[in-house]
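Structural overview
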Amino acid sequence: MPQIFDKIGRDKIKEQLLEAGFELIKLYGLKKTSVADISKKAGIATGTFYNFFPSKEEFVYQLIVYKRNATKEAFSQMTASGKADKDLFREYLRQAFLSDNNIFDYLSEEEINMLNSRWPETHWKNTENDERSTKWLFDNLKHVSPNCDWKVFVNLCKSISLIRYGKDRLHEDVYEETMNLHINTIVQYVFDS
């Protein structure tokens, strides 16, 4: 008989699966990480995995959402005492873009291409979510420029993600300096555009 979970229990199990999967994918890559491996590390039966995620590809998407929400929560904590200024926003962007919480840092080009072919377009580009998230972020910043276009901001952020995906093709010795220049460009655009 299948076990019935309450909302808190479901959330806890889902989080365990996401954390376990992230650690395994970081170590072995997506292709070599099975649903059984993720379930075992999370301490649940393999069949239970499918009560939360219909496929491994959807699991990866939910992992991205989970990590994005954790970053959003970290920003909320950073701004608990008031809106963020340029320096705090820059620090937030550094944490968001340079931490090891991005699953794409651990995926091969082949794995990314596989996800690209199997995910719906809304997993890559969701205008409604982009606008809502950007509005929330801007509402927590001091003195956002009235000329700042949220779509340009989103594209700048996504361009950093694209750079990260192809970082093995860049000069590694100046990678962090390059990323900091991009982050500074975003900060300047948001506050001074």
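Notes on the structure in this doc start here.

Procedures and definitions
- Residues numbered from 1 in each chain as written.
- Predicted model: local features only at pLDDT ≥ 70, side-chain atom pairs only at ≥ 80, totals over all residues.
- Heavy atoms only, no water.
- Salt bridge = Lys/Arg side-chain N within 4 Å of Asp/Glu carboxyl O.
- Helix = DSSP H or I, 4+ residues; strand = E, 2+ residues; numbered from the N terminus.
- Buried < 20%, exposed > 50% of the residue type's maximum accessible area, 1.4 Å probe, protein only.
- Phe/Tyr/Trp six-rings, centres within 6.5 Å; stacked < 30°, edge-to-face > 60°.

Here we take up the pattern of salt bridges. What the rule picks out here adds up to 13 salt bridges. A salt bridge links Glu110 to Lys31; its shortest N-O distance comes to 3.3 Å. Pair noted here: Glu110 is in helix α6 (residues 109–118) and Lys31 is in the loop between α1 (7–28) and α2 (35–42), with a separation of 79 residues, a long-range link. On the basis of relative accessibility, which here comes to 51%, the residue Glu110 falls in the exposed class. We note a salt bridge from Arg94 to Glu176, for which the minimum N-O separation is 3.4 Å. A residue pair is termed long-range when its members are at least 10 positions apart, and Arg94 in helix α5 (residues 86–98) and Glu176 in helix α10 (residues 175–192) qualify at 82 residues. What emerges from the salt-bridge pattern is a single network uniting Glu23, Lys26 and Asp100.

Attention shifts here to unusual backbone geometry. For His143, which is not glycine, the phi torsion reads 60 degrees and is therefore positive. Structurally, His143 can be placed in the loop between α8 (127–139) and α9 (150–165). For His143, a relative accessible area of 68% translates into the label exposed.

Moving on, we come to the packing of aromatic side chains. The full count for this structure, using the stated rule, is 17 aromatic pairs. Ring geometry for Phe53 versus Phe59: centroids 5.0 Å apart, planes at 90 degrees, classification edge-to-face. Residue Phe59 is classed as buried on the basis of its relative accessible area, which comes to 0%. Taking the centre distance of 4.5 Å and the plane angle of 55 degrees together, the rings of Phe75 and Tyr92 count as tilted. Taken as a pair, Phe75 in helix α4 (residues 56–78) and Tyr92 in helix α5 lie far apart in primary sequence, 17 residues in all. Three or more aromatic residues joined by ring pairs make a cluster, and in this case those are Phe75, Phe89, Tyr92, Trp136, Phe138, Phe153 and Phe191.

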